[in-house]
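Topology and contacts: notes
These are the residues of each chain, in order.
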Amino acid sequence: VFDWLVPLDLDPRDSYFVRVESIDHEEVMGDSAPFTIRAEIRVLAPKTNDGPFFFGDEVEISWLSQGVNDPVHIELREDRLLFDQFHLTVAESTTDDGTHAWRVPFSGVDIAADYYLRVSDAAHPEVYGDSQLIAIRGLITVSAPADGDKIGFGEVLTIEWSSSGVGPSGVDVF
């Protein structure tokens, strides 16, 4: 038995074999069956505890890859109970440099806690890595009244806010 550490510079598209040979008798040898080296992608970030993320937030996506040729494809997916589904393309084709910044769009994404990001080899989509689950949340920012405003009894108070992800029914003001 011998444990062989697979070198990092092998091409996963090539076929390999291992030869075991007698030290004393070179003519005594045996070859393994052909095998390939598996290309892989491991997504490091974002992680579940990095969020939740809000519409407009910038999300840093990072990954390690081995045996992947430029470019990579990045997509947002939803993890449903019995199946996962594609939600939107984050980057159709980006350099496999291990990092990509993505801004959560204000439209086309629903509020949910079961999203994840998938980074895949653009030429070989069966080679991919998934992030941990992340949550995307809506956000309401109240801008008026401002800190220190003084409103008199019987006066009209103008309340102003900006929002994203509040849904079609709007908001209630209390």
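Overview of the structure. Note that the structure is predicted; figures quoted are calculated from it, not measured.

1. Examining the overall build of the protein chain
What the protein chain contains, in helices and strands, is zero helices and 15 strands. The C-alpha atoms of the protein chain give a radius of gyration of 26 Å, which is well past the 16 Å a tight globule of 174 residues would have. Each of the three principal axes of the protein chain carries a C-alpha extent, and together these read 105 × 30 × 25 Å. Burial status across the protein chain gives 28% buried among its 174 residues. When contacts within the protein chain are restricted to residue pairs at least 6 apart in sequence, those whose partners lie at least 24 apart make up 53%. Here the protein chain displays about 12,000 Å² of accessible surface, and carbon together with sulfur accounts for 54% of that area. In the protein chain, the 11 positive side-chain charges and the 32 negative ones have mean positions that sit 4 Å from each other.

2. Some thoughts on the pairing of strand β11 (residues 112–121)
Counting buried positions along β11 gives nine out of 10 residues, so the element sits mostly inside the fold. Where strand β8 (residues 72–79) meets β11, seven bridges bridge the pair, whose relative direction is antiparallel. Considered in β11, the bridge of Val72 is made with Asp121. Here β11 pairs with strand β13 (residues 134–137) via two bridges, running antiparallel. Among the inter-strand pairings, Ala112 is bridged to a residue of β13, identified as Ile136. In this structure, the hairpin formed by β11 and strand β12 (residues 128–130) is closed by a connection of six residues.

3. Description of the nonpolar core
When a protein is soluble and globular, its nonpolar side chains tend to lie buried together. Ranked by size, the top nonpolar core spans 25 residues in total, and within it Ile61, Leu76, Trp102 and Leu117 carry the most contacts. Residue assignment for this core shows that the elements contributing at least two residues are β5 (40–45), β7 (58–66), β8, β9 (84–94), β11 and β13. The biggest single contributor to this core is β11, with four residues.

4. What about the environment of Ala135?
As for its placement among the helices and strands, Ala135 is situated in strand β13. Taking the C-alpha atoms as reference points, Ala135 and Asp114, 21 residues apart in sequence, are found 6.2 Å from one another. With residues up to four places along the chain from it excluded, the contact list for Ala135 reads Pro52, Phe53, Ala112 and Ala113.

5. Side note on the pattern of salt bridges
Taken as a whole, this structure holds seven salt bridges when the rule is applied. A salt bridge links Glu58 to Arg103; its shortest N-O distance comes to 3.2 Å. With Glu58 in strand β7 and Arg103 in strand β10 (residues 99–103), this residue pair connects regions lying 45 residues apart in the sequence. With relative accessibility at 45%, the residue Glu58 sits in the partly exposed group. Note that Asp130 is salt-bridged to Arg118, the shortest N-O span being 2.7 Å. Here Asp130 is found in strand β12, whereas its partner Arg118 is found in strand β11, with 12 residues between them in sequence. Through salt bridges that share partners, Glu75, Arg77, Asp84, Arg118 and Asp130 make up one connected network.

6. What about the sheet that holds β5?
Sheet architecture is open: three strands sit in the order β5-β7-β10, paired in antiparallel fashion. In this open sheet, the two edge strands, each paired with only one partner strand, are β5 and β10. Averaged over all adjacent pairs, the angle separating strand axes in this sheet is 30 degrees, with direction ignored. Sheet topology places β5 next to β7; five bridges connect them, and they run antiparallel. Across the sheet, residue Val43 finds its bridge partner in β7, namely Trp63.

Definitions and limits used
Residues numbered from 1 in each chain as written. Predicted model: local features only at pLDDT ≥ 70, side-chain atom pairs only at ≥ 80, totals over all residues. Heavy atoms only, no water. Helix = DSSP H or I, 4+ residues; strand = E, 2+ residues; numbered from the N terminus. Rg over C-alpha atoms; globule rule 2.2 N^0.38 Å. Buried < 20%, exposed > 50% of the residue type's maximum accessible area, 1.4 Å probe, protein only. Contact = heavy atoms within 4.5 Å. Areas by Shrake-Rupley, 256 points an atom, 1.4 Å probe, with all protein chains shown as cover. Lys, Arg positive; Asp, Glu negative; His and termini not counted. Charge placed at Lys NZ, Arg CZ, Asp CG, Glu CD. Pairing = 2+ DSSP bridges. Core = buried A, V, L, I, M, F, W, Y, C linked by side-chain atoms within 4.5 Å. Salt bridge = Lys/Arg side-chain N within 4 Å of Asp/Glu carboxyl O. Axes fitted to C-alpha atoms, helices over the stretch in contact; angles between N-to-C directions.

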